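In case you want the letters, here they are:
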Amino acid sequence: MRRISQQFGALRARVGATGTALAAAAATVPALALGLGAAPASAATLPGGLGPCIPGSCPDPFPGIGNGPVAGRDNAIDIFVGNDFLVRGRAAEAEGRVVVLDDFDQNKQAGADGLYGIGIVGVGSRVPPPNGADFLTTGGNVTIASGQRLDTTGGLIGEQGIVRYAGTEAGTVTGRLVHAPDAAQPYTALRNRLTTASRCYARIDDRPRPATGTAVNENTRTVFRGDGTSSLQVFNVDFNLTAAHGGQQGIVFRNIPDDATILVNVLGGNRVINTFSGGIDDSTSPLNAYRERLLWNFPDASSVRLAGTGQLQGSFLMGEQASMTTVTIPGINGRFFTTGSLTHTSLAERGGGQEFHAYPFVGDLPDCSGPTPVTGEVRVLKTDAETGHVLRGAGFDAWRETNGIAGPQTIGINPDTRVGPACATDPAGLCTFDGLRLGEYHLRETGVPEGYVLPTNPVFGPYAVTEGNSATGLAVELSSKRGEPCKGETCTNA
């Protein structure tokens, strides 16, 4: 692990006095523990200075996964959740500081060990937050099921963390409880900043960020081959990292310079990583060597599943705020930032002991610190053509006019650009495409509720997103008729 030690030493030198000041302030001002605005201007880091260990007693290097003595202290956020954090199944621990903008809800499987550790845990990097710091902060409720316990002591005498919450608290917590209506206020702006960064890392002007290497799913493994020279190695993945029929596979990196940051953009609306790669022993697990400079970025996915039997290495960023990430893999080793919700659980039929292990991210990412582009939204209201009643379950995707050819092109060698994840109308008949850059868009209807028919031409528009309507958005009403299922060209858009 000499290379990781060198990388972390270089990072500490770069942070310098700013980081030292943050560490001193964080003990008394929780907002500063976030590091908002403190990242050096010359470093393209995650928003708000997220990623590195807040200096003070940061080990150099971070130790491998183990259960030895406490190796240092890190008051940086290790897990950020923009919606709800749900503990289910037989999940065991979340090491490091945890910030949840909505609810923390622990309701583990019947018959499972009712303990869930947070902040300081039994196995991990053994670099917890400072004793007495905020281990869990929520903007909503903290609910621990009857007979279960949320533990902030790690079983160590004299150790405990603060659980600071804005809503209500129910159940058993080992640690200090602090009710503060504005508990999450210092962190609320971070959610949109992370979404913006996630999209920026993945795309430039709605086109995929140029890759420096290739990612190929070879069934038993996915191989990432870098260019051997770039300091930022970019890979764009539009497939699941699974073997045939969704089984486990290996993850292999090749031709990556020693000091390079690895950015893996996992594109698409529903993604799975199912792997046996990564392990407890750094010396025998090649994937572990990339841990502190590897970022897995999911800009679009509304559903992410991280599964398998390995110890998945690297940090994670989920940019879709309506997303749910489900973690059943035994270990996540790195920062974990989702703007949506998180379920930490186990497979229903077997397994348990799932853990988050706190490790910093020290990579240099694309510079997304420029002015935020003006964006708008298109809202679709789906109704019954005869009654006007709203319809739930109609599917749409959105396409931006980018190829210079009049009208929509969604197939062929030079189509327009599909943007964002697909959406389906909710019980109010609405689905929304937001964060759209200025330009012209077409909507393609991909599915209709049961008993209704798709039109022969299911593409609608164009709809122009402009500076003038960016604040209010565009409202589009589309209707469907009942009828027999479409066969060939028999459906009409009458």
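Shown above is the structure to which this text applies.
Quick caveat: nothing in here was measured; it's all calculated off a predicted structure.

## Looking at the sheet that holds strand E33 (residues 417-424)
Consideration 1: Taken in spatial order, the four strands make up an open sheet running E33-E32-E35-E36, and their pairing is antiparallel. Each edge of the open sheet is held by one strand with a lone partner, namely E33 and strand E36 (459-465). The sheet shows a mean angle of 25° between the axes of neighbouring strands, direction not considered.
Consideration 2: Here strand E35 (residues 439-447) pairs with E36 via five bridges, running antiparallel. Following the sheet pairing, Arg-444 is matched in E36 by Val-459.

## Remarks on the state of the cysteines
Consideration 1: One pass over the structure, following the stated rule, counts three disulfides.
Consideration 2: Each sulfur in the disulfide pair Cys-53 and Cys-58 lies 2.0 Å from the other. Across the S-S bond linking Cys-53 and Cys-58, the dihedral sits near -90°, which makes this disulfide left-handed.
Consideration 3: Classification of Cys-53 as buried rests on a relative accessible area of 5%.
Consideration 4: Between Cys-200 and Cys-368 runs a disulfide, and the two sulfur atoms are separated by 1.9 Å. Judged by the torsion about the S-S bond (-85°), the Cys-200/Cys-368 disulfide is left-handed. Of this pair, Cys-200 sits in helix H3 (residues 188-202) while Cys-368 sits in the loop between strand E30 (355-357) and strand E31 (375-384), and the two are 168 residues apart along the sequence.

## Quick word on the nonpolar core
Consideration 1: Ranked by size, the top nonpolar core spans 49 residues in total, and within it Phe-253, Trp-296 and Leu-306 carry the most contacts.
Consideration 2: If near-sequence neighbours (up to four positions away) are discounted, Leu-306 is found in contact with Ile-273, Phe-298, Leu-312, Phe-316, Met-318, Thr-325, Thr-326, Val-327, Thr-328, Ile-329, Ile-332 and Phe-336.
Consideration 3: Grouped together as the second largest cluster of nonpolar side chains are 20 residues, Ile-77, Tyr-201, Leu-232 and Leu-295 included.

## Description of the layout of surface pockets
Empty pockets left among the atoms are what a rolling probe the size of a water molecule brings to light.
Consideration 1: Estimated volume of the second largest pocket: approximately 410 Å³.
Consideration 2: Arg-203, Pro-208, Leu-267, Asp-300 and Arg-418 are the residues nearest the centre of the second largest pocket, which is lined by 19 residues in total.
Consideration 3: At the level of elements, strand E15 (207-208) and E33 are the ones that each hand at least two residues to the lining of the second largest pocket.
Consideration 4: The leading source of residues in the lining of the second largest pocket is E33, at six residues.
Consideration 5: Within the lining of the second largest pocket, the residues separate by chemical class into seven nonpolar, four polar and eight charged.

## Some details on unusual backbone geometry
Consideration 1: The omega torsion across Asp-60 and Pro-61 is 0°, close enough to zero to call that bond cis.
Consideration 2: Among the structural elements, Pro-61 can be located in the loop between helix H2 (30-33) and strand E1 (77-81).
Consideration 3: In this chain, Gly-461 is followed by Pro-462 through a cis amide linkage whose omega measures 10°.
Consideration 4: Structurally, Pro-462 can be placed in strand E36.
Consideration 5: The backbone phi angle of Asn-219 is positive, close to 80°, even though this residue is not glycine.
Consideration 6: Tracing the chain through its elements places Asn-219 in the loop between strand E16 (214-217) and strand E17 (221-225).
Consideration 7: Given a relative accessible area of 36%, Asn-219 falls into the partly exposed group.

Thresholds, definitions, all that
- Sequence order as written defines residue numbering, which begins from 1 separately in each chain.
- Only residues with pLDDT of 70 or above have their local features reported here, since the model is predicted, and side-chain atom pairs are shown and tallied only from 80 upward, although totals for entire chains, interfaces and linings are computed over all residues.
- Hydrogens and water are ignored here; the side-chain numbers use all heavy atoms of the structure.
- Strand pairing follows a simple DSSP-based rule, namely that at least 2 bridges must link the two strands.
- Helix and strand labels come from DSSP, where a helix needs a run of H or I of at least four residues and a strand needs a run of E of at least two; each type is numbered from the N terminus.
- Axis definition: a line fit to C-alpha positions, over the contact stretch in the case of helices; interaxial angles, taken between N-to-C directions, run 0 to 180 degrees.
- In plain terms, two cysteine sulfur atoms within 2.5 Å form what is called a disulfide here.
- Partly exposed describes any residue whose relative accessible area lies between the buried limit of under 20% and the exposed limit of over 50%, with all areas from a 1.4 Å probe on protein chains only and scaled to the type maximum.
- What we call a nonpolar core is a set of buried Ala, Val, Leu, Ile, Met, Phe, Trp, Tyr and Cys residues that are connected through their side-chain atoms within 4.5 Å.
- For this analysis, residues touch if any pair of their heavy atoms sits within 4.5 Å.
- A 1.4 Å probe that fits into a set of points on a 1 Å grid over the protein atoms alone but cannot get out defines a cavity; an open set with protein on both sides within 12 Å along at least five of seven lines defines a pocket, and lining residues are those with an atom within 4 Å of a point.
- Grid points are joined across faces, edges and corners, and a volume is the space filled by probe spheres set on the points.
- Charged means Asp, Glu, Lys or Arg here, nonpolar means Ala, Val, Leu, Ile, Met, Phe, Trp, Tyr, Cys or Pro, and polar covers whatever is left, Gly included.

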